[in-house]
Amino acid sequence: MFDKLFARGNSYWLTRFVILRLLGFVYAVAFLVAANQLVPLIGEHGLTPANHFLNGIQTELGSRAAGVIHLPTLFWFGISDNALSIFAWIGFGLSLVVLGGYANAIMMSILWAMYMSIVHVGQIWYGYGWETQLLETGFLSIFLCPLLDGRPFPKCRPPLLVIWLFRWLGFRIMIGAGLIKLRGDPCWRDLTCLYYHYETQPIPNPISRYLHFAPHWFHKVETAWNHFIELVVPWFSFGPRHARHVAGVLLVTFQVFLIISGNLSFLNYVTIIPFLACFDDTFLRHVLPSWLVRRSERAARESEPSRINNRIAIALSILVAFLSIAPVTNLISARQLMNSSFDPFDIVNTYGAFGSVGKERDEIVFEGTDSLFISGAQWKEYEFTAKPGDPNRRPPFVAPYQPRIDWQIWFAAMASPGEYPWTFNFVWKLLHNDIGTLSLIANNPFPSKPPHYIRARLYRYQFAPPGEKAWWKRDLIGEWLPPLSVDDPDFRHILNAMGWLE
């Protein structure tokens, strides 16, 4: 009976191919970000050192064994700057192999375990929903492949149940995003959220400004369409073939529009992956190259069903069904959580995005001076890779790459320095022209010698209308951090209390 059911997997050879290739691309981007940013962010002398974090977990739980169970990561066996860097570059290299067309269960397991290890020591820098989404997607992909055969079209048939689990993932992503909006900010219910979103999103791009100034009726239609895509269309991903194909097209094109409208890291790219499971080979054969289609057809003819793989897929489905109880309970709860995990390995999670939308955009601008006296000092601004700073600078296209410090400063601008204590360590490192920290931002106004003081000021930013020379207009709100120097005793006391002062 099961052989007949799983034989239908023969129609998903191209589906498996495109899922794994896109996943290889997302993994490559994620590991490249890690290779460039892990050491200055969480290295031994980083802004929030991971070794301090792991020691804190071990102390809190009472033993390393308890820490491993609570927070699984390979870095429990040792962590150093060299290990972080080598680890990330190995992950990047393996990802390129997958992107190039070669993947098996062993390789996908290694990539999943490696990225989970990074996420679990990444602290606030890796506290985003797309990190656990990549882990869940990566975990499912392990069971999409044969154990050893890494060819693009192996003899092992794509397991139909695993294809359905990808659809279940895509369903939860969209329904979670839709429900969190309806339960969250009232502007989603009165269709006005997009009056503000393009301007206040974490990292706008150049197109964001033009979308921001679109007519209000256009924004209302967009918002209504957003609700339709997130709350109605996902149900059809479980429907008959033609309904699934239409749903897949709508879900994928919706993510493409989001990619165009802003810099949301690799969120939209990894979100497309489970939607690809809506398509079977009868659809993909019309959009992929003919030589690829011929290879998939030949593989399908030569394949044979595998009872072992079928049983593994059944066991996986039972596990996912059990682990889905908490996420589904969360989805139907009036107190729905957004982007949360319910098991230590992040196998089945709950998702959501933009449950609330800011109406105004505040930005922190860090400034330094080499003057010995604050009065009459000439201050120079530090520019970041992607976040708004100089009003005349065009917003960049950076996604799917993510400058992680830019994102965290976006959050910090909505809070006080005490809620984001790493900013004190950031200032301390700027006062020493720390090479690693400076690698996270776009410029160093003091290349010859470190500044004597650093301060942070809070500005309110608004898009300048299209056609104006400047991209932004800004007004000073006030001081976010007062001028700080290495000789400031209160500043040193804060750093000592956090364990950052050597």
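Residues numbered from 1 in each chain as written. Predicted model: local features only at pLDDT ≥ 70, side-chain atom pairs only at ≥ 80, totals over all residues. Heavy atoms only, no water.

*Asks:* Account for the sheet that holds strand 6 (residues 472-484), naming residues and giving values.
*Replies:* Taken in spatial order, the 4 strands make up an open sheet running 4-3-5-6, and their pairing is antiparallel. Each edge of the open sheet is held by one strand with a lone partner, namely strand 4 (380-381) and strand 6. Where strand 5 (residues 453-463) lies against strand 6, 9 bridges are found, and the strand directions are antiparallel. Residue pairing in the sheet places Q462 in a bridge with K473 of strand 6. Where helix 19 (residues 404-412) meets the sheet, its contacts fall on strand 3 (361-369) and strand 6, and the angle it forms with strand 3 comes to roughly 110°. (Pairing = 2+ DSSP bridges. Helix = DSSP H or I, 4+ residues; strand = E, 2+ residues; numbered from the N terminus. Contact = heavy atoms within 4.5 Å. Axes fitted to C-alpha atoms, helices over the stretch in contact; angles between N-to-C directions.)

*Asks:* Go over the packing of aromatic side chains with me, naming the residues and quoting the values.
*Replies:* In this structure the tally under the stated criterion is 34 aromatic pairs. A centroid spacing of 5.2 Å and a plane angle of 5° characterise the contact between F17 and F153, whose relative ring orientation is stacked. Pair noted here: F17 is in helix 2 (residues 13-42) and F153 is in the loop between helix 7 (129-142) and helix 8 (160-183), with a separation of 136 residues, a long-range link. Among the aromatic residues, those joined into a cluster by ring pairs are W125, F366, F384, W422 and F426. In this structure, K181 packs its charged tip against the face of W188, placed 5.2 Å from the ring centre. Taking NZ or CZ as reference, R404 lies 3.7 Å from the ring centre of Y126, over its face. (Phe/Tyr/Trp six-rings, centres within 6.5 Å; stacked < 30°, edge-to-face > 60°. Lys NZ or Arg CZ within 6 Å of the ring centre and 35° of its normal.)

*Asks:* Break down helix 19 for me, citing the residues and quoting the values.
*Replies:* Across the 9 residues that make up helix 19, a large majority, 8, are buried. Buried residues of helix 19: R404, I405, D406, W407, Q408, I409, W410 and A412, and no others. (Buried < 20%, exposed > 50% of the residue type's maximum accessible area, 1.4 Å probe, protein only.)

*Asks:* So what about the side chain of D488? Which residues, and what values?
*Replies:* Mapped onto the elements, D488 comes out in the loop between strand 6 and helix 22 (489-497). For the buried D488, no salt bridge is present, and the opposite-charge side chain at shortest range is R492, 8.6 Å distant. Of the polar contacts made by the side chain of D488, one reaches the backbone nitrogen of D490; its length is 3.0 Å. (Lys, Arg positive; Asp, Glu negative; His and termini not counted. Salt bridge = Lys/Arg side-chain N within 4 Å of Asp/Glu carboxyl O. Polar contact = N/O pair within 3.5 Å; in protein donor to acceptor, adjacent residues only side chain to side chain.)

*Asks:* Now, about helix 6 (residues 105-121): what can you tell me, with residues and values included?
*Replies:* The terminal C-alpha atoms of helix 6 lie 25 Å apart, and with 17 residues this matches the ideal 24 Å at 1.5 Å per residue to within 8%. Burial runs high along helix 6: 13 of the 17 residues are buried. Residue N104 occupies the N-cap position of helix 6, its side-chain oxygen lying 3.2 Å from the main-chain nitrogen of I106. One or two residues past the end of helix 6 sits Q123, with phi positive at roughly 55°. (Expected span 1.5 Å × (residues − 1).)

*Asks:* Please set out a nonpolar patch on the surface residue by residue, giving values where relevant.
*Replies:* Residues W225, F228, V232, W235 and F236 make up a contiguous nonpolar surface patch of about 520 Å² in total accessible area. For V232, the location among the structural elements is in the loop between helix 12 (216-231) and helix 13 (241-261). (Patch = residues over 30% accessible without salt bridge, like charges linked within 9 Å, V, L, I, M, F, W, Y side chains within 5 Å. Areas by Shrake-Rupley, 256 points an atom, 1.4 Å probe, with all protein chains shown as cover.)

*Asks:* Help me get a handle on the pairing of strand 3, residues and values and all.
*Replies:* Walk down a regular strand and you will see the side chains alternate between the two sheet faces. Burial within strand 3 is extensive, with 9 of its 9 residues counted as buried. Burial of the side chains of strand 3 extends over both faces: R361, E363, V365, E367 and T369 are buried on one face and D362, I364, F366 and G368 on the other. The sheet contact formed by strand 3 and strand 4 spans 2 bridges and is antiparallel. Bridging across to strand 4, G368 finds its partner in K380.

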